[in-house]
Amino acid sequence: MGEQKKNQEMDLGEQTRVRREKLAALQEAGEDPFQVTRFQWDATSQEIKDRFDEMEGKSVRVAGRLMSKRGMGKVSFCDLQDRDGRIQLYARQDEMDEAVYKKFKKFDIGDIVGVEGEVFRTQRGEMSVRAKNITLLSKSLLPLPEKFHGLQDRELRYRQRYVDLMVNPEVKRNFLLRSRFIKHVREFMDGRGYIEVETPVLNTISGGAAARPFITHHNTLDIDMYMRIATELPLKRLIVGGMDRVYEIGRIFRNEGMDPKHNPEFTTIELYQAYADFNDMMDLFEDLLSSAAQKLLGTYQVQWQGQDIDLTPGWRRMTMIDAVKEYTGLDFAAVSDDAEAVAAAEAIGVELPETADRTWGNALYECFDQKVEEKLIQPTFITMYPVEVSPLTKRSPADARLTERFELFICRSEMGNAFSELNDPIDQRQRFQKQVELREKGDEEAGMMDEDFITALEYGMPPTGGLGIGIDRCVMLLTNTDTIRDVILFPTMKPLD
């Protein structure tokens, strides 16, 4: 009977007791594994596989976690998992020091070991390491989840990501791709002359987006402060100061609901370019995301949420008015009266929020939000948003009710948001004042008055294009995962009792 099967038949408490007894015996013998300080390895599992022909017969030192043990008596096979993957270990008593082999036989699945051995191929053709010496580097006091089922409880996986990474290899691949995507974003931006900067996480004013903030207290100053809901306003101050192309990749915090697309803390990139507009931002976003797919996946064709998505450049661009007309039949271009617009929206089952003014612009936006967004599968830029929902965006010269803004939608999900930035300080003050009035009516997501930002605009800000991209959503797309928790290493979880 193999060790894996025996472990399955022992309850968790018994397995833990046995492992602790093994640790106590090692410590009593002066061989405490937790006193080992380092092991100098010189090869990884993938390196051995990739360079097997030149490494065969040569000595290597590898380190990692024992994921399985099989065999009986004087010969044992193990799977060693390191940072790159897994490699088989072959241990034979008559090829090792007998005392070392006997100690090794007592090691448990999950133990971390260092192995000195020789690269070879078994009779069955499997690339392996023939062990000459095996050192216990850390003792696993808890058994890993059962081999064939892994860690399947999704909530437990998120709470114990360390176990999730051990037993579900695809999870680690997703996070490696996330890291590569962020690296791609930086290289892309740096190659276009942008400067990466850092702005405050704690602010005395909550602004830059429509969101409910987290509030904390600064003891020394004895003031409440807000964790940032966006990086927009500090970054635009830098545009005023003459840093013509800036970006920041960082954590954003919003005190809102949690669902497959939302986590209270998430990662964005916000970027601003002087002397550009929202059309330039559309071109940049399309180039950034499509090039990421081609570079990281080798294709423009991806699957997400059960849909085949084509990221080939040339994405659809349509105004919000045109989108609402196409998907609902309502033509807001033919309506100018607020009451008529609201009535038309309500006639197709659209409800306006209680805090929203009953205007043409709010009616248009709610029709899109409630009836159209869910139908956008392939990459689609929706442009020209109403001014009511775009307090930081420049008005359209063609229609003062609309703004030069877009959002990108893929598979019903918003991927990013961009503006031709408002640089008129007088108009900006009026927009802020409107947000203050909404806040006084009970809208906790409305913005605040930011006098210093208005002062910055009064010094003069050039025409500017700005873009915010949800890093987590992009990684969800590239990894074909259906919840944001699968692309955040440590998602927010309700504490256990």
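Basis of the calculations
- Residues numbered from 1 in each chain as written.
- Predicted model: local features only at pLDDT ≥ 70, side-chain atom pairs only at ≥ 80, totals over all residues.
- Heavy atoms only, no water.
- Pairing = 2+ DSSP bridges.
- Helix = DSSP H or I, 4+ residues; strand = E, 2+ residues; numbered from the N terminus.
- Axes fitted to C-alpha atoms, helices over the stretch in contact; angles between N-to-C directions.
- Core = buried A, V, L, I, M, F, W, Y, C linked by side-chain atoms within 4.5 Å.
- Buried < 20%, exposed > 50% of the residue type's maximum accessible area, 1.4 Å probe, protein only.
- Lys, Arg positive; Asp, Glu negative; His and termini not counted.
- Salt bridge = Lys/Arg side-chain N within 4 Å of Asp/Glu carboxyl O.
- Contact = heavy atoms within 4.5 Å.
- Polar contact = N/O pair within 3.5 Å; in protein donor to acceptor, adjacent residues only side chain to side chain.

Draft legend 1. Structural view of the sheet that holds strand 1 (residues 59–70). Pairing is mixed around the closed barrel formed by 5 strands, whose spatial order is 1-2-3-5-4. Ignoring strand direction, the axes of neighbouring strands in this sheet form an average angle of 55°. In this sheet, strand 2 (residues 75–81) lies alongside strand 1 in antiparallel orientation, the contact comprising 5 bridges. Bridge pairing links Ser68 to Asp79 in strand 2.

Draft legend 2. Geometry of the nonpolar core. In this structure, Phe181, Phe332 and Ile410 are the most contacted members of the largest nonpolar core, which totals 72 residues. Examining the composition of this core, we find that 10 residues originate from one element, helix 10 (residues 278–297), more than from any other. Grouped together as the second largest cluster of nonpolar side chains are 25 residues, Phe52, Met55, Val115 and Val119 included.

Draft legend 3. Highlighting the pairing of strand 15 (residues 380–386). Counting buried residues in strand 15 gives 7 out of 7 residues, a clear majority hidden from the surface. Taken together, the 4 bridges between strand 14 (residues 316–319) and strand 15 define a ladder with parallel strand orientation. In the strand pairing of strand 15, Arg317 is matched with Phe381.

Draft legend 4. Fine view of the side chain of Asp443. Tracing the backbone through its elements, the reader meets Asp443 in the loop between helix 14 (425–440) and helix 15 (451–459). Buried charge without a salt bridge: Asp443, with Arg439 as the nearest opposite-charge side chain at an N-O distance of 6.8 Å. Those residues in contact with Asp443, other than ones at most four positions away along the chain, are Thr355 and Leu438.

Draft legend 5. Spatial organisation of the environment of His217. Counting through the fold element by element, His217 comes out in strand 8 (residues 215–218). C-alpha of His217 to C-alpha of Phe181: the two residues are 36 residues apart in sequence and 35 Å apart in space. Sequence-distant contacts of His217, defined by excluding residues within four places in its chain, comprise Asp222, Ile223 and Asp224. There is a polar contact of 3.4 Å between the side chain of His217 and the backbone oxygen of Ile223. A polar contact of 2.9 Å, which involves the side chain of His217, links it to the side chain of Asp224.

Draft legend 6. Representation of the pattern of salt bridges within the structure. Inspection of the entire model under this criterion finds 42 salt bridges. With its nearest N and O atoms 2.9 Å apart, the salt bridge here joins Arg237 to Asp452. With Arg237 in helix 9 (residues 232–240) and Asp452 in helix 15, this pair connects stretches of sequence that are 215 residues apart. For Arg237, a relative accessible area of 24% translates into the label partly exposed. Here the salt bridges do not stand alone but share partners, grouping Lys22, Asp108, Asp111 and Lys139 into one network.

Purely spatial values, then, with no claim about function.
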